[in-house]
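Report on the structure
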Amino acid sequence: MAALYETDYARWLFENAALLRAGRFDELDVANIAEELEDMGRSEGGAVRSHLRVLITRLLKWEHQADHRSSSWRGSIYNARRSIAQRLQESPSLRRRLPDFVAHIHVDAVFNAANETDLPEATFPQACPYSIDQLLDIDYWPGRP
């Protein structure tokens, strides 16, 4: 079974699923299954980080370039929030990791906001100015309207 993992991943998945359903646990490729499960967990976190990066980038732009606000930015902010909410609903344990995610990706969001606005990076705060609650709040818009 381990050799199949390297040569035909899709078949490996289906055959391991069939073995699980049949209760034939001794035939499972346990080492690779464990690795895949860990990768899936990391992937979920990566998706949340990616949506947070987009969200923070757009909120920074929204706040610091009020005269350039657009429906596209509003849509991007809304969609990022909805995607994060969906991921957190599916994997609630990721919620406790949000502060670390934000702390690590804020530097990327600042770079992206500066790059997209042509404003100097120093324009933007070194630490994320938005609380987790604000980031997730569909009705929060810095410097509204």
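Structural notes, computed from the coordinates. Remember, predicted model here, so these are calculated numbers, not experimental data.

**Comments concerning the environment of Gly 143**
Positionally, Gly 143 belongs in the segment after α6 (132–136). For Gly 143, a relative accessible area of 51% translates into the label exposed. For Gly 143 and Leu 59, which are 84 residues apart along the polypeptide, the C-alpha to C-alpha distance reads 9.8 Å.

**Structural notes on a nonpolar patch on the surface**
Taken together, the side chains of Tyr 9, Leu 13 and Phe 14 present a nonpolar region at the surface, about 330 Å² in accessible area. Along the chain, Phe 14 falls in helix α2 (residues 9–22). What makes Phe 14 exposed here is its relative accessible area of 65%.

**Structural notes on the pattern of salt bridges**
Here the structure, examined in full by the defined rule, presents seven salt bridges. Notably, a salt bridge pairs Glu 15 with Arg 11, separated by 2.6 Å at the nearest N-O pair. Of this pair, Glu 15 and Arg 11 both sit in helix α2, four residues apart, roughly one helical turn. Residue Glu 15 is classed as partly exposed on the basis of its relative accessible area, which comes to 29%. A relative accessible area of 46% means that Arg 11 is categorised as partly exposed. Residue Glu 27 pairs with Arg 24 through a salt bridge whose shortest N-O separation is 2.7 Å.

**Section: helix α4 (residues 71–90)**
The end-to-end C-alpha distance of α4, which contains 20 residues, comes to 28 Å, matching closely the 28 Å that a straight helix rising 1.5 Å per residue would cover. Buried positions along α4 lie against α3 (30–64), α5 (98–117) and α6.

**Quick notes on the side chain of Asp 29**
For Asp 29, the position within the fold is in the loop between α2 and α3. For the buried Asp 29, no salt bridge exists, and the shortest N-O distance to an oppositely charged side chain is 12 Å, to Arg 11. Here Asn 32 takes part through its side chain, which lies 2.7 Å from a polar atom of the side chain of Asp 29. Those residues within four positions of Asp 29 in sequence are excluded, and the remaining contacts are Met 1, Ala 2, Tyr 5, Trp 12 and Asn 16.

**What to know about the packing of α2 against α3**
One way to put it is that α2 packs onto α3 with a least axis distance of 12 Å and a crossing angle of 105 degrees. One finds that α2 runs roughly perpendicular with respect to α3. From α2, Tyr 9, Trp 12 and Asn 16 reach across to α3, where they touch Asn 32, Ile 33 and Glu 36. Grouping the constituent residues of the contact of α2 with α3 by class yields three nonpolar, two polar and one charged.

**Looking at the environment of Gln 65**
For Gln 65, the location among the structural elements is in the loop between α3 and α4. Distance in space between the C-alpha atoms of Gln 65 and Pro 99 is 25 Å, their sequence separation being 34 residues. If near-sequence neighbours (up to four positions away) are discounted, Gln 65 is found in contact with Trp 73, Thr 117 and Leu 119. A polar contact is formed between the side chain of Gln 65 and the backbone oxygen of Thr 117, at a distance of 3.4 Å.

Calculation notes
- Residues numbered from 1 in each chain as written.
- Predicted model: local features only at pLDDT ≥ 70, side-chain atom pairs only at ≥ 80, totals over all residues.
- Heavy atoms only, no water.
- Helix = DSSP H or I, 4+ residues; strand = E, 2+ residues; numbered from the N terminus.
- Buried < 20%, exposed > 50% of the residue type's maximum accessible area, 1.4 Å probe, protein only.
- Patch = residues over 30% accessible without salt bridge, like charges linked within 9 Å, V, L, I, M, F, W, Y side chains within 5 Å.
- Areas by Shrake-Rupley, 256 points an atom, 1.4 Å probe, with all protein chains shown as cover.
- Salt bridge = Lys/Arg side-chain N within 4 Å of Asp/Glu carboxyl O.
- Expected span 1.5 Å × (residues − 1).
- Contact = heavy atoms within 4.5 Å.
- Lys, Arg positive; Asp, Glu negative; His and termini not counted.
- Polar contact = N/O pair within 3.5 Å; in protein donor to acceptor, adjacent residues only side chain to side chain.
- Axes fitted to C-alpha atoms, helices over the stretch in contact; angles between N-to-C directions.
- Parallel < 35°, antiparallel > 145°, perpendicular 65-115°, else oblique.
- Nonpolar A, V, L, I, M, F, W, Y, C, P; charged D, E, K, R; others polar.

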